[in-house]
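What follows is each chain in one-letter form.
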Number of protein chains: 2
Amino acid sequence: MASKQIKTNDKHVKNLANIVGGSRSILYHKEDLLAYDSDGFTLHRHLPKAVVFPKDTQEVAKLVKYCSDNQLPFLARGAGTGLSGGAIPMNGEVIISMVRMKRLLSVNLENRRAVVEPGFVNLKLTNSISDKGYYYAPDPSSQYCCTIGGNVAENAGGAHCLKYGVTTNHILGLEVVLPNGEIIEIGENGIPDAPGYDLLGLITGSEGTLGIVTKITVRILKNPEAKQTVLAYFDNVTDGSQAVSDIISAGIVPAALEMMDKTAIEGVEAAAFPVGHPKDIEAVLLIEVDGISAGIAEQINQILEVCNNRNVREVKVAQDELERGRWWANRKTGFGAMGAISADYLVQDGVIPRSKLPQVLNRINQISEEAGLRIANIFHAGDGNLHPLVLFDARIPGESEKALAAGSACLQACADVGGTITGEHGVGIEKREEMRFVFTDEEINAQTDIREVFNPNNLLNAGKLFPMPGRCVEIKKELKEKEAAIS
Amino acid sequence: MASKQIKTNDKHVKNLANIVGGSRSILYHKEDLLAYDSDGFTLHRHLPKAVVFPKDTQEVAKLVKYCSDNQLPFLARGAGTGLSGGAIPMNGEVIISMVRMKRLLSVNLENRRAVVEPGFVNLKLTNSISDKGYYYAPDPSSQYCCTIGGNVAENAGGAHCLKYGVTTNHILGLEVVLPNGEIIEIGENGIPDAPGYDLLGLITGSEGTLGIVTKITVRILKNPEAKQTVLAYFDNVTDGSQAVSDIISAGIVPAALEMMDKTAIEGVEAAAFPVGHPKDIEAVLLIEVDGISAGIAEQINQILEVCNNRNVREVKVAQDELERGRWWANRKTGFGAMGAISADYLVQDGVIPRSKLPQVLNRINQISEEAGLRIANIFHAGDGNLHPLVLFDARIPGESEKALAAGSACLQACADVGGTITGEHGVGIEKREEMRFVFTDEEINAQTDIREVFNPNNLLNAGKLFPMPGRCVEIKKELKEKEAAIS
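Keep in mind that this is a model prediction, so the values were computed, not measured. (Residues numbered from 1 in each chain as written. Chains lettered and ligands numbered in written order. Predicted model: local features only at pLDDT ≥ 70, side-chain atom pairs only at ≥ 80, totals over all residues. Heavy atoms only, no water.)

Student: Please give an account of the pattern of salt bridges that cites residues and values.
Tutor: Scanning all chains against the criterion turns up 44 salt bridges over all chains. Ionic pairing is found between B:Glu433 and B:Arg436, a salt bridge with its closest N-O pair at 3.5 Å. On the basis of relative accessible area, B:Arg436 is assigned to the partly exposed category, the value being 37%. Here the residues in one salt-bridge network are A:Asp235, A:Asp280 and A:Arg313, joined through shared partners. (Salt bridge = Lys/Arg side-chain N within 4 Å of Asp/Glu carboxyl O. Buried < 20%, exposed > 50% of the residue type's maximum accessible area, 1.4 Å probe, protein only.)

This is the structure:
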């Protein structure tokens, strides 16, 4: 196979190309780099220095060591579906793309685990084991294309995380390349309380700032014996919210408990997967229960009773897998569906105690009126994870800024009732400053101090996750100045 | 109230006494300190410098700051029931006892959480909310006296952790006094994927080496609608182990799945809560399922069928809550029961993949023969968490050492099959060196580097959890030497 020639004088690009085996595994021309200037959060755009495509852990370690030795900023990228800008090369980073490391390495049904490379696509795992009766639980809406490595970085959630937990609850082990190029393995085959500090938990959700994950051991689950899905329409949001609380209070833990408001319904009905939701209702709930067959019917009856007690207008149970699939497609493509009713949209991701739902939804309405922008709400109601979608038109000067401010105000509303600023999308670039809504300086320092340990020169994904340089950076500067003064 | 006088010339003792309001809140005489020279792991004994009893977070912060400013080693202690020596004052520490901080601060049923002080006893939480239909899930066998603060430090488990997870899965927020005296709050009311690094996970299970927890927000659960408990006797351990695997493979997730072997049965039947287990059987399984009533009977039938297919000698379902309670008392007092058949015993705590149960139990038998010491096995079979109990007599010279060596060999056997060295008891002093069975130097360094960030002078609970000083300690020494050379 004839390899293309590297056409640049940049010695770093040449050296990086050599590490990954030549010009076929690196992009460095501006026209190629444009595709990597952003991720799912498109309000910031920066060009990377280059994009490299390693094929294995050793190559990742060499790339990292090279960047570290040469003080080149770098970051890892999966499918680029992140919604908070975690993979945007703000400092002209070398992007280490994980898409070639996409193998399913092993499946162990007896001990319920699978080992994957980080570029392996989320949904492919379930597809690979479903014939044996197993699946992988975390199901972000982008699961048909997002990678498990990206899911680990963002601690991704999904509709079924109410019952099954987010990504961190399904990660049993990681191989990680540290920012100095060292390779470590953490997690011991899914031990519930492994010895030592919980590095597994620490690295999961660290948004690519502590290391680059190169191998992942995940928990796989047995398919539930049975599933039933309910759609319930309410004439007002308070009744819908109250039904959510009542279902949980009844002791039912649904596999999923989703809600969409009127504006969201307008969007999903105008997009690719309409299911005929009535246009004049204020809230729809999508409720799924799963488990052993024997208990399902009783739970469904309880749910129907709760909905009736809360003045439901109409409630129905999916008649077959086809209907269930259509309802889920309608919900899972909900964010993109906003494109059918708005030029642009900004997804936010706040979390609140379930009991505060009506109060916060009212406040979001107010914010919408104040900003003069429509806000649709699609959310994981069962675990209080809101996704306000601020609709705007970036072509109108000033409207992007207004949308960002409205999104921020929604997060403030969440923080004000004891909630927080992200449930599953991460902080990234987008919510760095909003970290101050929920953390004091001391609390932020405690975190940036940890980043310092792993990432002392802050070359790996700098400028993400935290609002300001940490304490260690300052101490280090001082020490360096002292040393300089001596020599 | 007349306060006792402090009768010592030690200025630190006087100053510490002043912080906690006088002599009633401090112990410093040798005869008082003797009770604090050890915890549930009694093979090491060291006297503390003093034991102080703060009443609130502010006092803890002042004590910590005082110790830190004066280079006094210190550590926190709950009920002292830990099994790996985590609360033993190896360096003559000032012990900060949390037993006066034992209030239940709030209960929020709607959002399923409670806030407790660290000295609050585990079982009291369930007792305080059971009349409203709720409970706290983690149930270490010592739950009638151990504190939730201690549970957080050790990331304690328990029989029902198979279905419900260990302590870390139930902690939603912590207030922590850092080793420099700063107070931070982490966790935001139980958000599934909180922003920033997972400090909550990092501190939970850090065995008191990163900070002192002063307030804990826990998840509480709704009581399951129904429970059923099964006792099954097997004529050989392999059949029993295979039944364990079969139950899980059938897609049942029991609330608990416990096993005891013949020697363990001999112990529990000779102790305070005998239930009439046949003396000649090789293994007993205690299996509990819970959930909504509708599904329970079917699950029990499946379990009985699995047991029958694996040549069970006898299997029975608890007829009422009284019988269920007796079976559990028999199991939960199992460790202490070994006192009925042996002068001393050493509990070990290894974890293995479920499928390796028969192989590892064979190896433990071999170790027992080689050491000439009986080893009983009581374990959480469902999650592969073994508790080999090495029976010995400390009065016989050399036998303690033999027991320790046999315990260590059991852990090596676990590590050899891809398991690890602790499931729920922690590393403490006991298993520091065994950390090398599962971690490389790089991996241990990554952890001690983190300790450095929180605990830079290693005054807080030094000498626990890791086999050697970390990398940062060395770097720091170097810097100090440099600075010294200058001045």
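Student: Quick one: what's the story with the packing of helix α8 (residues 237-249) of chain A against helix α13 (residues 357-371) of chain A, residue by residue and with numbers?
Tutor: Residues and elements named next belong to chain A. Where α8 contacts α13, the two axes come as close as 9 Å, and the packing angle between them is 145°. Both α8 and α13 take part in a crossing whose hand is right-handed. In this structure, α8 uses Val237, Thr238, Ser241 and Val244 to contact α13, whose residues at the interface are Leu357, Pro358 and Leu361. Looking at the contact of α8 with α13 residue by residue, the class counts come to five nonpolar, two polar and no charged. (Axes fitted to C-alpha atoms, helices over the stretch in contact; angles between N-to-C directions. Helix = DSSP H or I, 4+ residues; strand = E, 2+ residues; numbered from the N terminus. Left-handed = near helix turned anticlockwise from the far one by under 90°. Contact = heavy atoms within 4.5 Å. Nonpolar A, V, L, I, M, F, W, Y, C, P; charged D, E, K, R; others polar.)

Student: Go over the interface of chain A and chain B with me, naming the residues and quoting the values.
Tutor: Counting from both sides, the interface comprises 70 residues of chain A and, opposite them, 70 residues of chain B. Of the roughly 6000 Å² buried where chain A meets chain B, counting both sides, 58% is carbon and sulfur surface. Counting the contacts that link chain A with chain B gives zero salt bridges. The interface formed by chain A and chain B contains 14 residue pairs in polar contact (both at pLDDT 80 or more). Looking at the side of chain A that touches chain B, the elements that each hand over two or more residues are β9 (183-186), α7 (199-203), α8, α10 (293-309), α15 (435-438), α16 (441-454) and α17 (471-486) of chain A. If you tally residues by element for the side of chain A that touches chain B, the top one is α16(A), at nine residues. (Buried area = accessible area lost by both parts, 1.4 Å probe. Polar contact = N/O pair within 3.5 Å; in protein donor to acceptor, adjacent residues only side chain to side chain.)

Student: Requested: an account of the pairing of strand β4 (residues 94-97) of chain B, with residues and values cited.
Tutor: Each regular strand displays side chains that alternate between the two surfaces of the sheet. Residue and element names in this part refer to chain B. By the alternation rule, side chains of β4 split into Val94 and Ile96 and Ile95 and Ser97, which are all buried. Sheet topology places strand β2 (residues 50-52) next to β4; three bridges connect them, and they run parallel. In the strand pairing of β4, Val52 is matched with Ile96. Here strand β3 (residues 74-77) runs beside β4; their pairing, made up of four bridges, is parallel. Within the sheet, the bridge partner assigned to Ala76 lies in β4 and is Ile96. (Pairing = 2+ DSSP bridges.)

Student: Tell me about the packing of helix α1 (residues 11-19) of chain A against helix α3 (residues 57-69) of chain A, and name the residues and values.
Tutor: Residue and element names in this part refer to chain A. Taken N-terminus to C-terminus, the directions of α1 and α3 make an angle of 160°; their axes are 9 Å apart at the nearest point. Here α3 runs roughly antiparallel to α1, going by the angle between their axes. Every pair of crossing elements has a handedness; the one defined by α1 and α3 is right-handed. Along its contact with α1, which presents Lys11, His12, Asn15, Leu16 and Ile19, the element α3 presents Glu59, Lys62, Leu63, Tyr66 and Cys67. Partitioning the contact of α1 with α3 into residue classes produces five nonpolar, two polar and three charged. (Parallel < 35°, antiparallel > 145°, perpendicular 65-115°, else oblique.)

Student: Summarise the packing of aromatic side chains; cite the residues concerned and give the values.
Tutor: The geometry of two aromatic rings is summed up by the distance between their centres and the angle between their planes. Tallied over the entire structure, the rule returns five aromatic pairs over all chains. Between A:Tyr135 and A:Tyr164, the aromatic rings sit 6.3 Å apart at their centres with planes inclined by 90°, giving edge-to-face as the arrangement. Highlighted residues: A:Tyr135 in strand β7 (residues 134-135) and A:Tyr164 in helix α6 (residues 161-164), separated in sequence by 29 residues. By relative accessible area, A:Tyr135 is classed as buried at 14%. Ring geometry for A:Tyr197 versus B:Phe466: centroids 5.1 Å apart, planes at 70°, classification edge-to-face. With A:Tyr197 in the loop between β9 and α7 and B:Phe466 in the loop between α16 (441-454) and α17 (471-486), this pair bridges two chains. (Phe/Tyr/Trp six-rings, centres within 6.5 Å; stacked < 30°, edge-to-face > 60°.)

Student: I'd like to hear about the nonpolar core, residue by residue, with values.
Tutor: Grouped together as the largest cluster of nonpolar side chains are 77 residues, with contacts concentrated most on A:Leu125, A:Leu174, A:Phe454 and B:Leu174. Top element by residues in this core is α16(A). It accounts for five residues. For A:Leu174, the contacting residues outside a window of four places in its chain are A:Val152, A:Ile184, A:Glu185, A:Ile186, A:Leu200, A:Ile203, A:Thr204, A:Val213, A:Lys215 and A:Ile216. (Core = buried A, V, L, I, M, F, W, Y, C linked by side-chain atoms within 4.5 Å.)

Student: Pulling in residues and values, what's your account of the pairing of strand β8 (residues 171-177) of chain A?
Tutor: Residue and element names in this part refer to chain A. Burial analysis of β8 places seven of its seven residues in the buried class, the great majority of the element. Direction of pairing for β8 relative to strand β10 (residues 212-219): antiparallel, over a ladder of six bridges. Along β10, the bridge assignment pairs Val177 with Ile212. Bridging between β8 and β9 involves four bridges; their strand directions are antiparallel. Residue Val176 lies in a different strand from β9, and its bridge partner there is Ile184. If you look at the hairpin formed by β8 and β9, you'll find five residues sitting between the two strands, and Gly181 has a positive phi there, around 95°.

Student: Could you give me a rundown of empty space enclosed by the protein, with the residues and numbers involved?
Tutor: By rolling a water-sized probe across the atoms, one finds the places where empty space is left. Residues and elements named next belong to chain A. Overall, the coordinates contain seven cavities of 30 Å³ or more when judged by the stated rule. If you go around the largest cavity, the residues you meet are Leu231, Glu258, Met259, Met260, Val275, His277, Val284, Leu286, Trp327, Asn330 and Arg331. Contributing elements (two or more residues each) for the lining of the largest cavity: β13 (256-261), β14 (283-291) and α11 (321-332). Per-class residue counts for the lining of the largest cavity are seven nonpolar, two polar and two charged. (1 Å grid on protein atoms, 1.4 Å probe; cavity = no way out; pocket = protein on both sides within 12 Å on 5 of 7 lines; lining within 4 Å. Points joined across faces, edges and corners; volume = space filled by probe spheres on them.)

Student: Which residues make up the sheet that holds strand β15 (residues 312-317) of chain A, and what values do they have?
Tutor: Residue and element names in this part refer to chain A. Taking strand neighbours across the sheet as the criterion, the seven strands line up as β15-β12-β14-β13-β18-β20-β16 in an open arrangement whose pairing is antiparallel. The sheet is open, and its two edges are formed by β15 and β16 (344-347), each paired on a single side. Averaged over all adjacent pairs, the angle separating strand axes in this sheet is 20°, with direction ignored. Pairing of strand β12 (residues 226-234) with β15, which is carried by five bridges, proceeds in the antiparallel orientation. Note on β15: the bridge partner recorded for Phe234 is Val312.

Student: How would you sum up helix α13 (residues 357-371) of chain B? Please name residues and give values.
Tutor: All names here are of chain B. Compared with the 21 Å implied by 1.5 Å per residue over 15 residues, the 21 Å span of α13 between its first and last C-alpha is a close match. Along α13, the positions that sit buried rather than exposed are Leu357, Val360, Leu361, Ile364, Ile367, Ser368 and Ala371. Take α13 and look down its axis: the buried residues cluster within an arc of 110°, on one side only. Away from its buried face by more than 90 degrees, α13 exposes Asn362, Glu369 and Glu370. A positive backbone phi angle near 70° is found at Gly372, which sits one or two residues after α13. (Expected span 1.5 Å × (residues − 1). Arc of directions from axis to C-beta.)

Student: So, the sheet that holds β2(B): which residues are in play, and what are the values?
Tutor: Residue and element names in this part refer to chain B. Strand order in this open sheet of four strands is β1-β2-β4-β3, and the pairing throughout is mixed. Two strands lie at the open edges of the sheet, namely β1 (26-27) and β3, each paired on one side alone. In this fold helix α3 (residues 57-69) packs onto β2, β3 and β4, with an angle of close to 170° to the strand it touches most, β4.

Student: Talk me through the environment of B:Asn457; I want residue IDs and the actual numbers.
Tutor: Residue and element names in this part refer to chain B. Checked against the element boundaries, Asn457 lands in the loop between α16 and α17. You can call Asn457 partly exposed: its relative accessible area is 42%. Spatially, the C-alpha atom of Asn457 lies 9.4 Å from that of Pro73, the residues being 384 residues apart in sequence.

Student: Could you give an account of the domain arrangement of chain A, naming the residues involved and the relevant values?
Tutor: All names here are of chain A. Once the domains are mapped, chain A shows domain 1 (11-97), domain 2 (104-222), domain 3 (224-341), domain 4 (342-438) and domain 5 (439-486). At the interface, 22 residues of domain 3 touch 20 residues of domain 4. Carbon and sulfur atoms supply 63% of the area that domain 3 and domain 4 bury against each other, a total of about 1800 Å² over both sides. The largest per-residue losses of area from domain 3 upon contact with domain 4 belong to Met259, Phe335 and Met338, which jointly make up 30% of the total buried on that side. Taken together, domain 3 and domain 4 are joined by one salt bridge. Ionic pairing is found between Glu266 and Arg374, a salt bridge with its closest N-O pair at 2.5 Å. At the surface where domain 3 touches domain 4, the tally comes to eight residue pairs in polar contact (both at pLDDT 80 or more). The element contributing the most residues to the side of domain 3 that touches domain 4 is α8, with six residues. (Domains from an automatic or database assignment.)

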